[in-house]
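A look at the structure
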Amino acid sequence: GLEVPVSVNISRYNLLQPDFPDMIERYLELFNIKEEMLELEVTERALMWDIEYISGVLNTLREKGIVISIDDFGTGYTSLNYMIDLPADIIKIDKSFVQTLNSKKGSARVVEIATDLAHHQGKKVAPEGVEKTETLKFLADTGCDIAQGYLFGMPQTAGEFGVWYENYPAHISRLWSDAGLGD
């Protein structure tokens with residue numbers, strides 16, 4: 001009974017299926033799901049197989065209102081040149097940078113640069129692997145739009161999720177306060 005966005009990882013094999021966008025559209029209709037409630041995540045690695053074809057497929061999906069995110073960004077497969085033209089709404093910065101913000105000076109700089117570049121391209125930034133409130137504060141101060149990681153919640157069953165979701169506003173408010181970010 002909850003209406004929450006769902007993120008689904010897809011592979012290059014999915015993207016190379018000739019009828020993939022139509023199949024997604026049929027499933028959305030079958031299950032009565034609004035397009036904007038579905039986010040399809042594709043890794044940088046998947047993009048490299050046939051970037052022109054896959055970009056075309058991703059553009060078709062975006063035109064249908066589906067949210068597209070590039071997962072594991074910064075792992076070395078996509079040049080900055082491709083980031084400019086990627087048909088994506090969200091760039092998810094790989095957790096290898098996020099989890100080493102305090103131990104590797106270069107990681108913080110990569111996050112800052114990727115965030116700035118993504119914003120200049122009209123994309124949102126979602127760092128992965130956020131586990132500490134001080135990391136959340138740095139990311140918020142850097143301008144990241146959203147974040148994901150165990151700090152927000154651990155994997156759970158559907159039943160556990162319902163209870164967690166009911167308490168989510170209080171949980172997020174507490175995280176924000178702990179990170180010194182106010183309301």
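That block above? That's the structure.
Report on the accompanying structure.

**Side note on the overall build of the chain**
Scanning the chain from terminus to terminus reveals ten helices and five strands. Here the chain has a C-alpha radius of gyration of 17 Å; the compact-globule value for 183 residues is 16 Å, and the two agree. Taken along its principal axes, the extent of the C-alpha atoms in the chain is 50 × 40 × 25 Å. Buried positions account for 36% of the 183 residues belonging to the chain. For the chain, the proportion of contacts with a sequence separation of at least 24, taken over those separated by at least 6, is 63%. Summed over its atoms, the accessible surface of the chain is roughly 10700 Å², and 52% of this surface lies on carbon and sulfur atoms. For the chain, the centre of its 16 positive side-chain charges and the centre of its 29 negative side-chain charges are spaced 5 Å apart.

**So, the side chain of Asp94**
Looking at where Asp94 falls in the secondary structure, it is placed in the loop between β4 (90–93) and α6 (95–98). Buried and unpaired, Asp94 has Lys95 as its nearest opposite-charge partner, separated by 7.0 Å. If near-sequence neighbours (up to four positions away) are discounted, Asp94 is found in contact with Asp72, Phe73, Thr75 and Glu128.

**Points about the nonpolar core**
Counting residues in each nonpolar core, the largest one holds 40 residues, and the members touching the most others are Phe20 and Leu61. Looking at this core element by element, the count peaks at five residues for helix α4 (residues 51–63). Excluding its chain neighbours within four sequence positions, the residues that come into contact with Leu61 are Phe20, Pro21, Ile24, Leu40, Ile66 and Ile68.

**Structural notes on the sheet that holds β4**
Pairing is parallel in the open sheet, where five strands are placed in the order β1-β2-β3-β4-β5. Single-partner strands in this sheet number two, and they are β1 (6–10) and β5 (124–125). As judged from the three bridges shared by strand β3 (residues 67–73) and β4, these two strands associate in the parallel manner. Counted as the bridge partner of Phe73 is Ile93 from β4.

**Digging into the packing of aromatic side chains**
Summed over all chains, the structure comprises four aromatic pairs. The interplanar angle of 35° and the centroid separation of 5.6 Å between the aromatic rings of Phe161 and Trp164 together place this pair among those described as tilted. Taken together, the residues span about one helical turn, with Phe161 and Trp164 both in helix α9 (residues 158–166) at a distance of three residues. Classification of Phe161 by relative accessible area gives partly exposed; the value is 27%. Judged by centre distance (4.8 Å) and plane angle (55°), the rings of Trp164 and Tyr168 are tilted. Looking at Trp164, the relative accessible area reads 23%, which means it is partly exposed. Owing to a relative accessible area of 31%, Tyr168 belongs among the partly exposed residues under this scheme. An aromatic cluster is present here, built from Phe161, Trp164, Tyr165 and Tyr168 joined pairwise through their rings.

**Let's talk about unusual backbone geometry**
Backbone geometry places Asn32, a non-glycine residue, at a positive phi of 55°. Note that Asn32 resides in the loop between α2 (20–30) and β2 (38–43). Under the relative-accessibility criterion, Asn32 is labelled exposed at 72%. The backbone of Asp72 sits at a positive phi, close to 60°, despite the residue not being glycine. Relative to the elements of secondary structure, Asp72 occurs in strand β3.

Here is what the cut-offs are and how they apply
Residues numbered from 1 in each chain as written. Predicted model: local features only at pLDDT ≥ 70, side-chain atom pairs only at ≥ 80, totals over all residues. Heavy atoms only, no water. Helix = DSSP H or I, 4+ residues; strand = E, 2+ residues; numbered from the N terminus. Rg over C-alpha atoms; globule rule 2.2 N^0.38 Å. Buried < 20%, exposed > 50% of the residue type's maximum accessible area, 1.4 Å probe, protein only. Contact = heavy atoms within 4.5 Å. Areas by Shrake-Rupley, 256 points an atom, 1.4 Å probe, with all protein chains shown as cover. Lys, Arg positive; Asp, Glu negative; His and termini not counted. Charge placed at Lys NZ, Arg CZ, Asp CG, Glu CD. Salt bridge = Lys/Arg side-chain N within 4 Å of Asp/Glu carboxyl O. Core = buried A, V, L, I, M, F, W, Y, C linked by side-chain atoms within 4.5 Å. Pairing = 2+ DSSP bridges. Phe/Tyr/Trp six-rings, centres within 6.5 Å; stacked < 30°, edge-to-face > 60°.

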